[in-house]
Amino acid sequence: MTNFPPHFLWGAATAGHQVEGGNVNADIWPLEWAQDSMFTEPSGDACDHYHRYPEDLAILADLGFNAYRFSLEWSRIEPEPGYFSRAALDHYRRVVGTCRDHGLDPVVTYNHFTTPRWFAGSGGWRDSQAPDRFARYAARVTDHVGDLLSWVVTLNEPNLTALLTQTRAIPMGAGERGLVADLGSATGGIGGFDPARYRMGLIGADVEQMALIHRKAVNAIKSGPGDAMVGWSLALVDLQLAEGGEARLAEARQHALLDWIEASREDDFIGVQTYSRDRIGPTGAVPVPDGTPTMQTGWEVYPSALGNAVRIAAQHGRVPVLVTENGMATDDDLARIEYTRSALEGLAQCISDGIDVRGYLHWTLLDNFEWMSGFSKTFGLIAVDRESLARTIKPSAGWLGRIARSNGQDLGVVS
Ligand code: BGC
């Protein structure tokens, strides 16, 4: 007996900039190297997954998984506006083909935070031309690899800026002020351009603009070869009430989560990404109480977040759910197993309750570049030696692979 339906996807997820290495045309690269950078260290060679993907995919398949989520790096494919690199497109076609050769269903993210420097420098997601720019890229990519794809995530966590604004009270002022300017001043200025004008692709726009960008990309993808399931993935932190936070929670829930979930109703699925909960008081998220177990990131160890996020996504999105990220930053691999077991139990319960869940993609395959924290946060099922880049499979990878091979039966959840 298993709670999980046939053809359930069991996999791990990565993102190009965090694992590939040498991603020099991405908007974030120069920020990493800036004097007084807010990045603790640069991504550099990352995990050299760009060259080592055959080894990494072979390990994933051998462990028992049947899916792999990764992202295409827009800045490699379109390093200058309108110039598409045949070599980069061919590379990603080989990656997708290698997935297929190993029986791994590719779940391909067209954009995972980083954007080409030219895109970020000409207004990023907020520019009026952003929808057409992203749709042109999506069309070109789909022409090249669409026939091999079954799952496409257009944008990763387009609601992240809204979520941070709502829960962390990060100022998002009009025009050139706000988070962008804060990031700019944190870098101390970057040679060659004015950081206040240089919007990192990470900094999203409001839900209307991001939904328009998404919708145009979906249309471009659907007009090309293949018949992939297409959706986007949302950061669905489990928002809960802390004392006196009723009004603030209602607002945060609406604008950080529900507006975005509701914008997914025309999609083939919704990607759910959850790690923890935030308890919302009168001015936003309250600190995690002393003594509460936390991850390396400082987030509370709270695996029930997954089931809660899946429920809210299903209820308000009304489309199938794919868990596109869930995991734990820790150097205690047994704690990772316990966290994941508990999160999967919650997911199994969602399925028993009739929610249409299509897969679980663990974050992440490799210990990798955790953005501003550098390589210090280890979410990986596989460790990567920072000198030699050699891979070491952790017990959690073997454990989750066995769960995958048994399609969840080894989890032992009762329906
Ligand atoms: C992002 C990943 C990130 C992970 C852990 C997600 O929000 O999609 O890129 O590494 O969370 O912070």
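This is a predicted model, so every value here is computed, not measured.

Cut-offs used in this document
- Counting restarts for each chain: residues are numbered from 1 in the order of the written sequence.
- With pLDDT at 70 or above as the cut-off, local features in this predicted model cover only qualifying residues; side-chain atom pairs require 80 or more to be listed or tallied, and sums for whole chains, interfaces and linings still use all residues.
- Note that the side-chain values use all heavy atoms of the structure and ignore hydrogens as well as water.
- Whenever Lys or Arg places a side-chain nitrogen within 4 Å of a carboxyl oxygen from Asp or Glu, that contact is recorded as a salt bridge.
- Going along the chain from the N terminus, every DSSP run of H or I of four or more residues is numbered as a helix, and every run of E of two or more is numbered as a strand.
- Whether a residue is buried, partly exposed or exposed follows from its accessible area with a 1.4 Å probe, protein chains only, as a fraction of its type maximum: under 20%, in between, or over 50%, in that order.
- At least two bridges found by DSSP between two strands are what make those strands a pair.
- Seen with its strands pointing away from the viewer, a crossover is right-handed when the path leading from the first strand over the helix to the second is clockwise.
- Residues grouped as a nonpolar core are buried Ala, Val, Leu, Ile, Met, Phe, Trp, Tyr and Cys residues, joined through side-chain atoms within 4.5 Å.
- In this description, contact between two residues means that some pair of their heavy atoms is separated by no more than 4.5 Å.
- Fitted lines through C-alpha atoms give the axes, limited to the stretch in contact for helices. The angle between two N-to-C directions lies from 0 to 180 degrees.
- Any angle that falls under 35 degrees is termed roughly parallel, while one over 145 is termed roughly antiparallel, one within 65 to 115 roughly perpendicular, and all others oblique.
- Put simply, Ala, Val, Leu, Ile, Met, Phe, Trp, Tyr, Cys and Pro go in the nonpolar bin, Asp, Glu, Lys and Arg in the charged bin, and everything else, Gly too, in the polar bin.
- What pLDDT reports is the predictor's confidence in each residue, on a scale of 0 through 100.

**Q** Help me understand the pattern of salt bridges, please; the structure alone is not making it clear to me.
**A** Note that side chains of opposite charge can pair when their charged atoms are close. Using the criterion set out here, one finds 19 salt bridges in the structure. Arg311 is the partner of Asp353 in a salt bridge, and the nearest nitrogen-oxygen pair spans 3.0 Å. Of the two residues, Asp353 is situated in the loop between helix 13 (333–352) and strand 11 (357–363) and Arg311 in helix 12 (residues 305–317); the sequence distance between them amounts to 42 residues. Residue class for Arg311 comes out partly exposed when judged on its relative accessible area of 30%.

**Q** In this structure, what is going on with the pairing of strand 11? I would like to understand it.
**A** Where a strand is regular, its side chains alternate between the two sheet faces. The buried count for strand 11 comes to six of seven residues, which makes it a mostly enclosed element. Bridge analysis of strand 10 (residues 321–325) against strand 11 gives three bridges, and the strand direction is parallel. Across the sheet, the residue bridging to Val323 is Tyr360, located in strand 11. Assessed by its sense of winding, the connection that carries the chain from strand 10 through helix 13 to strand 11 is right-handed.

**Q** I tried to follow the nonpolar core on my own but got confused; where do I start?
**A** Looking at soluble globular proteins, one finds that nonpolar side chains tend to be buried together. Tyr110, Val310 and Leu347 are the most contacted members of the largest nonpolar core, which totals 111 residues. Tallying contributions element by element places helix 10 (residues 207–223) first for this core, with eight residues. Leu347 has contacts with Phe4, Phe8, Leu306, Val310, Val323, Val357 and Tyr360, leaving out every residue within four places of it along the chain. Core analysis: the next-biggest nonpolar cluster, separate from the first, contains 17 residues, Val153, Tyr275, Met295 and Ala329 among them.

**Q** Any chance you could explain unusual backbone geometry here in plain terms?
**A** For residues other than glycine, phi is negative in most cases, and the peptide bonds are mostly trans. Residues Trp363 and Thr364 are joined by a peptide bond in cis, for which omega reads 15°. Inspection of the secondary structure assignment puts Thr364 in the loop between strand 11 and strand 12 (382–384). Of note, Glu157 is a non-glycine position whose phi angle comes to about 50°, a positive value.

**Q** Explain the packing of helix 8 (residues 160–168) against helix 11 (residues 246–262) to me, please; I cannot follow it from the model alone.
**A** Helix-helix packing: each pair is described by the crossing angle between the helix axes and the interaxial distance. Running from N to C, helix 8 and helix 11 cross one another at 175°; their axes reach a closest spacing of 9 Å. Judged by the inter-axis angle, helix 8 sits roughly antiparallel to helix 11. The residues of helix 11 that touch helix 8, namely those facing Ala162, Leu163, Thr165 and Gln166, are Arg248, Glu251, Ala252, His255, Ala256, Leu257 and Trp260. Of the residues belonging to the contact of helix 8 with helix 11, the class tally is six nonpolar, three polar and two charged.

**Q** I would appreciate a short explanation of the confidence of the model for the protein in the present structure.
**A** Detailed reading of the predicted coordinates is not advisable wherever pLDDT falls low. Of all residues in the protein, 91% have pLDDT values of 70 or greater, and the mean over the chain is 91. In the predicted structure, residues 172–199 sits below a pLDDT of 50 and forms 57 contacts with residues beyond four places in sequence or in another chain.

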